[in-house]
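Notes for the structure review
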Amino acid sequence: MSQATFGDDDLFGEAANEMREDVESSLEEGWAALPAADDVWETDADNVLGVLNGLNSALDVGDAEDHLRDAKKWFTMGQRADAFDDAADLEEEITDLEDAITEIADASEQVGDLTSTIPALKSTLADVGVDEADDGDEDADDEE
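First things first, this report covers the structure right here in the doc.

Analysis parameters
Residues numbered from 1 in each chain as written. Predicted model: local features only at pLDDT ≥ 70, side-chain atom pairs only at ≥ 80, totals over all residues. Heavy atoms only, no water. Axes fitted to C-alpha atoms, helices over the stretch in contact; angles between N-to-C directions. Helix = DSSP H or I, 4+ residues; strand = E, 2+ residues; numbered from the N terminus. Parallel < 35°, antiparallel > 145°, perpendicular 65-115°, else oblique. Left-handed = near helix turned anticlockwise from the far one by under 90°. Contact = heavy atoms within 4.5 Å. Nonpolar A, V, L, I, M, F, W, Y, C, P; charged D, E, K, R; others polar. Buried < 20%, exposed > 50% of the residue type's maximum accessible area, 1.4 Å probe, protein only. Patch = residues over 30% accessible without salt bridge, like charges linked within 9 Å, V, L, I, M, F, W, Y side chains within 5 Å. Areas by Shrake-Rupley, 256 points an atom, 1.4 Å probe, with all protein chains shown as cover. Salt bridge = Lys/Arg side-chain N within 4 Å of Asp/Glu carboxyl O. Lys, Arg positive; Asp, Glu negative; His and termini not counted. Charge placed at Lys NZ, Arg CZ, Asp CG, Glu CD. Core = buried A, V, L, I, M, F, W, Y, C linked by side-chain atoms within 4.5 Å.

1. Comments concerning the packing of helix H4 (residues 64–80) against helix H5 (residues 88–127)
- In contact at an axis separation of 11 Å, H4 and H5 are set at 155° when each is read in the N-to-C sense. One element, H4, and the other, H5, form an angle in the roughly antiparallel class. Where H4 crosses over H5, the handedness of that crossing is left-handed. On H5, the residues touching Ala64, Glu65, Leu68, Ala71, Lys72, Phe75 and Gln79 of H4 are Leu90, Glu91, Ile94, Leu97, Glu98 and Ile101.
- Across the contact of H4 with H5, the residue classes break down as 8 nonpolar, 1 polar and 4 charged.

2. Comments concerning the environment of leucine 68
- Assignment of secondary structure puts leucine 68 in helix H4.
- A relative accessible area of 7% means that leucine 68 is categorised as buried.
- Along the chain, leucine 68 and isoleucine 94 lie 26 residues apart, while their C-alpha atoms are 7.1 Å from each other.
- If near-sequence neighbours (up to four positions away) are discounted, leucine 68 is found in contact with Ile94, Leu97, Glu98 and Ile101.

3. A look at a nonpolar patch on the surface
- Together, Leu121, Leu125 and Val128 make up an exposed nonpolar region whose accessible area comes to about 260 Å².
- By the secondary structure assignment, leucine 125 is in helix H5.

4. Quick word on a negative patch on the surface
- A cluster of acidic residues, Glu28, Glu29, Glu92, Glu93, Asp96, Asp99, Glu103, Asp106, Glu109 and Asp113, forms a negative patch on the protein surface.
- When residues of the negative patch are traced back to their parent elements, those giving at least two are helix H1 (3–33) and H5.
- At 8 residues, the largest contribution of residues to the negative patch is made by H5.
- With respect to the helices and strands, aspartate 113 occurs in helix H5.
- Here aspartate 113 falls in the partly exposed class, since its relative accessible area comes to 46%.

5. Comments concerning the nonpolar core
- Val23, Leu27, Leu34, Phe75, Phe84, Ile94 and Ile101 are the most contacted members of the largest nonpolar core, which has 20 residues in total.
- Among the elements that take part in this core, H5 stands out by supplying 7 residues, more than any other.
- Dropping the residues within four chain positions of it, leucine 34 is found in contact with Val61, Ala64, Leu97, Ala100, Ile101 and Ile104.

6. Brief notes about the packing of helix H3 (residues 48–58) against H5
- Relative to each other, H3 and H5 sit at 155°, their axes nearing to 9 Å. By the angle class used here, H3 and H5 are roughly antiparallel. Handedness of the crossing formed by H3 with H5: left-handed. Residues Val48, Leu49, Leu52, Asn53, Leu55 and Asn56 of H3 pack against Ser108, Val111, Gly112, Leu114, Thr115, Ile118 and Pro119 of H5.

Nothing here speaks to function; it is geometry throughout.
Next up, the structure:
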């Protein structure tokens, strides 16, 4: 084997390692960009609408989609170049991150629907006279 060929193999191996590192780094950054569990679970809101607005804000995936795209890009390049000895772990983690982003986006959409529905429901109930303050007054009248 010639010296030039040996050098090319070394360079290819180095490039393959860098591609794997790029995929792993992008995946790590993608996971880090997702909302923290406590941000989704805990709230300081005074009412349901405040809870929903806070939850909708917490369900922002930030730059996770961009990092996932980068991971997929480098993974695809490495896979097509047959640069990875074993890429099953990377492929699985890409799928896991993609699933998490999709789940968060779906939850955000559902919360968005509720955010627009709850005020209308409150208004409807108020219009027909179903209100906590009214219920309390009627109970007081019944006791007298």
